[in-house]
Amino acid sequence: MANGTHSNGRGEGERNKPPADEAALSARLDRLKHRLSEVRNNRKNQTDQSGSGAASANASAMARGFRLSSELIAGVLVGAVIGWGIDRLFSTSPWGLIVFFLLGFTAGVINVMRAAGVANSDASDRS
C-alpha cells in the first residue's frame, strides 16, 4: 500500500489470468443465442401464417358484438311497437307500451344470452 498498489488478496498472477470457465460461459452464450434466434424465427413464422387470422379474429369479434347488440335492440323495439299497437287498438295507454317494452327487453336479454352461449337454447336440458 505504501508504494501506491492496492492489494485485494490475489497475487499478481491471478489478476491477469482469465477465469477458468470463460470458454464454458462463451459456449453457453453461443447456445443461448442460437436457441433465441430459433424461437424468434418460429414466432415470426407463426405470426406470418396467422397474420390474417388476427385480423379476422378482430373482425369476428366485432361482428359478434354487433349481432349481440342488435339482438337486444331488436327485442326492445319489437316489444315497444307491439305495446304501442295494443295501446292504440284498445286505448290502454301507457300500460300496453310499458308491459310489452319490459317483455321485449326480457326477450332481448334472453336472445343475447343464447347467442353468447351463456344460456342453453333448449329449455328441456334443465330437467
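Since the model is a prediction, treat every value here as computed from it, not as a measurement. (Residues numbered from 1 in each chain as written. Predicted model: local features only at pLDDT ≥ 70, side-chain atom pairs only at ≥ 80, totals over all residues. Heavy atoms only, no water.)

## Considerations on the overall build of the chain
Logical step 1: On a plain count of helices and strands, the chain comes out with four helices and zero strands.
Logical step 2: Counting from the amino terminus, helix and strand elements in the chain follow one another as α-α-α-α.
Logical step 3: A burial count over the chain gives 9% of its 127 residues as buried.
Logical step 4: Pairs at least 24 residues apart make up 49% of the contacts formed inside the chain by residues separated by at least 6 positions.
Logical step 5: As displayed, the chain offers around 10500 Å² of accessible surface, 60% of which is attributable to carbon and sulfur atoms. (Helix = DSSP H or I, 4+ residues; strand = E, 2+ residues; numbered from the N terminus. Buried < 20%, exposed > 50% of the residue type's maximum accessible area, 1.4 Å probe, protein only. Contact = heavy atoms within 4.5 Å. Areas by Shrake-Rupley, 256 points an atom, 1.4 Å probe, with all protein chains shown as cover.)

## Some remarks on the environment of Leu 102
Logical step 1: Tracing the chain through its elements places Leu 102 in helix H4 (residues 95–116).
Logical step 2: C-alpha of Leu 102 to C-alpha of Gly 75: the two residues are 27 residues apart in sequence and 9.6 Å apart in space.

## Notes on H4
Logical step 1: The first and last C-alpha atoms of H4 sit 31 Å apart over 22 residues, in line with the 32 Å expected at 1.5 Å per residue.
Logical step 2: Within H4 the residues assigned to the buried category are Gly 96, Gly 104, Gly 108 and Ala 115. The arc that holds the buried residues of H4, viewed along the axis, is 90°, so those residues lie on one side.
Logical step 3: The positive-phi residue at the C-terminal boundary of H4 is Gly 117, with phi of around 85°. (Expected span 1.5 Å × (residues − 1). Arc of directions from axis to C-beta.)

## With respect to a nonpolar patch on the surface
Logical step 1: The grouping of Trp 95, Ile 98, Phe 101 and Leu 102 at the surface amounts to a nonpolar patch, some 440 Å² of accessible area in total.
Logical step 2: Inspection of the secondary structure puts Trp 95 in helix H4.
Logical step 3: What makes Trp 95 exposed here is its relative accessible area of 60%. (Patch = residues over 30% accessible without salt bridge, like charges linked within 9 Å, V, L, I, M, F, W, Y side chains within 5 Å. Salt bridge = Lys/Arg side-chain N within 4 Å of Asp/Glu carboxyl O.)

## Thoughts on the UniProt feature "transmembrane region" (unreviewed entry) in the chain
Logical step 1: UniProt tags residues 68–86 and 92–113 as "transmembrane region" (unreviewed entry).
Logical step 2: Counting secondary structure, residues 68–86 comes out at 100% helix and 0% strand; the distance between its end C-alpha atoms is 27 Å.
Logical step 3: Here residues 92–113 runs as 86% helix and 0% strand, with 32 Å between its end C-alpha atoms. (UniProt positions renumbered as here; feature names shortened; annotations may be inferred.)

## Observations concerning the pattern of salt bridges
Logical step 1: By the definition in use, this model includes one salt bridge.
Logical step 2: Residue Arg 67 pairs with Glu 71 through a salt bridge whose shortest N-O separation is 3.9 Å. Taken together, the residues span about one helical turn, with Arg 67 and Glu 71 both in helix H3 (residues 51–90) at a distance of four residues.
Logical step 3: For Glu 71, a relative accessible area of 22% puts it in the partly exposed group.

## Things to note about unusual backbone geometry
Logical step 1: Cis geometry marks the peptide bond from Ser 93 to Pro 94, where omega comes out at -5°.
Logical step 2: In this structure, Pro 94 sits in the loop between H3 and H4.

## Looking at the side chain of Asp 87
Logical step 1: Locating Asp 87 in the fold gives a position in helix H3.
Logical step 2: It is Arg 88 that comes nearest to the buried, bridge-free Asp 87 among opposite-charge side chains, at 8.4 Å.
Logical step 3: Engagement of the side chain of Asp 87 in a polar contact is seen with the backbone nitrogen of Gly 96, the distance being 2.9 Å.
Logical step 4: Sequence-distant contacts of Asp 87, that is, excluding residues within four places in its chain, are made with Thr 92, Ser 93, Pro 94, Trp 95, Gly 96 and Leu 97. (Lys, Arg positive; Asp, Glu negative; His and termini not counted. Polar contact = N/O pair within 3.5 Å; in protein donor to acceptor, adjacent residues only side chain to side chain.)

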